[in-house]
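# A structural walkthrough
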Amino acid sequence: MTQLTNSISRTQIEQLVRQALTQEVGGALSAAAPSSAPNPLVVNISARHIHLSQEHLEILFGKGSQLEVQKDLYQDGYFAATQTVAIVGPRRRMIPNVRVLGPCRGDTQVELAFTDTISLGLEIPIRISGDLENTPGCVLMGPKGVVELDKGVIRAARHVHMSPADCAHHGCANGDKLHLRIESHGCTTVLEDVVVRENPEVKLEVHIDTDEGNAVDLDHATSVKLFVPEGCKCKHS
Ligand SMILES: [Zn+2]
């Protein structure tokens, strides 16, 4: 083979590989669900963020402040706000520009990935959103003020939002722990302890944090599958 022929066939091969990869990546986040499944399974990374009470929003951003929508999230009515805050841990370690998610809530809550907690110097428990007793606090800094939280910093437990129809299809109930298999080149993984959060208003969606998403290279995943673990003692419906 001459040098030229060699390089042409190499180019063709590269093109073919690129096409094949593009097709696979295109279906990465919405796995092909069985035809009987009521909804497609979507897996999203929930990057570090903060939920604010209206009171804290006004301390950090000024009296009468409202959250402004930067980008709608997959779940209806929820959004990433234009506002961000800095989070300060012990010994003045800080994470700047942590995105605020809207709408406002009753209690302020900071959700970080494991790597964030290490860089902040905080020991943080894994919790379901809203379960904030005995969690560490931190200091929040906004353009107009500072809030000292005495609790509310968590690593969000990996979870799946499911409607009653999704629960019926998968044979599970609120609070059960499912397995999520993510097929990805060189790092296929089964994530266990995916907590079912049932709500009639939600679209089927798994939330994992940035560390988990990176570990399985979610962006290039070729399939995702949710299943009830064998021998599970959960209260299946
Ligand atoms: Zn969620």
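Residues numbered from 1 in each chain as written. Predicted model: local features only at pLDDT ≥ 70, side-chain atom pairs only at ≥ 80, totals over all residues. Heavy atoms only, no water.

## Comments concerning the packing of aromatic side chains
For clarity, the threshold we go by: Any Phe, Tyr or Trp ring, taking Trp's six-membered ring, that has another such ring centre within 6.5 Å forms a pair; planes under 30 degrees apart are called stacked, those over 60 apart edge-to-face, and the others tilted. Whether a charge sits over a ring comes down to the Lys NZ or Arg CZ being within 6 Å of the ring centre and within 35 degrees of the ring normal.
The final tally for this structure, using the stated rule, is 0 aromatic pairs. Across from the ring centre of Tyr-74, 4.5 Å away, lies the NZ or CZ of Lys-203, which sits over that ring.

## Structural notes on empty space enclosed by the protein
Using the following cut-off: Both cavities and pockets are sets of points on a 1 Å grid over the protein atoms alone; in a cavity a 1.4 Å probe fits but cannot get out, in a pocket the set is open with protein on both sides within 12 Å along at least five of seven lines, and lining residues sit with an atom within 4 Å of a point. Grid points are joined across faces, edges and corners, and a volume is the space filled by probe spheres set on the points. Comment: elements are numbered from the N terminus, with helices defined as DSSP H or I runs of at least four residues and strands as E runs of at least two. Charged means Asp, Glu, Lys or Arg here, nonpolar means Ala, Val, Leu, Ile, Met, Phe, Trp, Tyr, Cys or Pro, and polar covers whatever is left, Gly included.
Taken as a whole, this structure holds 1 cavity of 30 Å³ or more when the rule is applied. As a volume, the largest cavity reaches approximately 90 Å³. Ser-46, Glu-111, Ala-156, Ile-208 and Asp-209 are the residues nearest the centre of the largest cavity, which is lined by 16 residues in total. Contributing elements (two or more residues each) for the lining of the largest cavity: strand S15 (205–208) and helix H5 (210–215). By residue class, the composition of the lining of the largest cavity is 6 nonpolar, 5 polar and 5 charged.

## Focus on the pairing of S15
How we decide: For each residue, the accessible area found with a 1.4 Å probe, counting protein chains only, is set against the maximum for its type, and the residue is called buried under 20%, exposed over 50%, and partly exposed in between. Two strands qualify as a pair provided that DSSP identifies no fewer than 2 bridges between them.
By the alternation rule, side chains of S15 split into Glu-205 and His-207 and Val-206 and Ile-208, which are all buried. Of the strand pairs in this sheet, strand S2 (residues 41–45) and S15 are connected by 4 bridges, and their pairing is parallel. The residue of S15 that forms the bridge with Val-42 is Glu-205. Both strand S12 (residues 159–162) and S15 contribute to a ladder of 3 bridges, which runs antiparallel. Following the sheet pairing, His-159 is matched in S15 by His-207.

## Thoughts on the nonpolar core
For clarity, the cut-off: Residues belong to a common nonpolar core when they are buried Ala, Val, Leu, Ile, Met, Phe, Trp, Tyr or Cys residues joined through side-chain atoms within 4.5 Å. Note on definitions: a residue-residue contact is assigned when non-hydrogen atoms from the two residues lie within 4.5 Å.
Judged by nonpolar contacts, the single largest core of 23 residues is most densely connected at Ile-50, Leu-52, Ile-87, Val-110, Leu-112 and Leu-140. For this core, the secondary structure elements donating two or more residues are strand S3 (49–53), helix H2 (54–61), strand S5 (79–88), strand S6 (94–105), strand S9 (138–141) and strand S10 (146–149). Here this core takes 4 residues from S5, the largest share from any one element. Leaving out residues up to four positions away in the same chain, Ile-50 has contacts with Val-85, Val-98, Arg-99, Val-100, Leu-101, Thr-108, Gln-109, Val-110 and Leu-140. Counting residues in each nonpolar core, the second largest holds 20 residues, with Leu-180, Ile-182, Leu-204 and Val-224 among its members.

## What about the coordination of the zinc ion?
Definition in use: In this analysis a donor is any N, O or S atom within 2.8 Å of a metal ion (3.2 Å for sodium, potassium and calcium), and since water is not included, sites may seem incomplete.
Protein coordination of the zinc ion is provided by His-159 (NE2), His-161 (NE2) and His-207 (ND1), with donor distances spanning 2.0 to 2.1 Å. Within one chain, the residues donating to the zinc ion are spaced in sequence as H-x1-H-x45-H. Placement of His-161 in strand S12 and of His-207 in strand S15 is noted, with a sequence separation of 46 residues between them. On the basis of relative accessible area, His-161 is assigned to the buried category, the value being 13%.

Keep in mind these values describe shape, not function.
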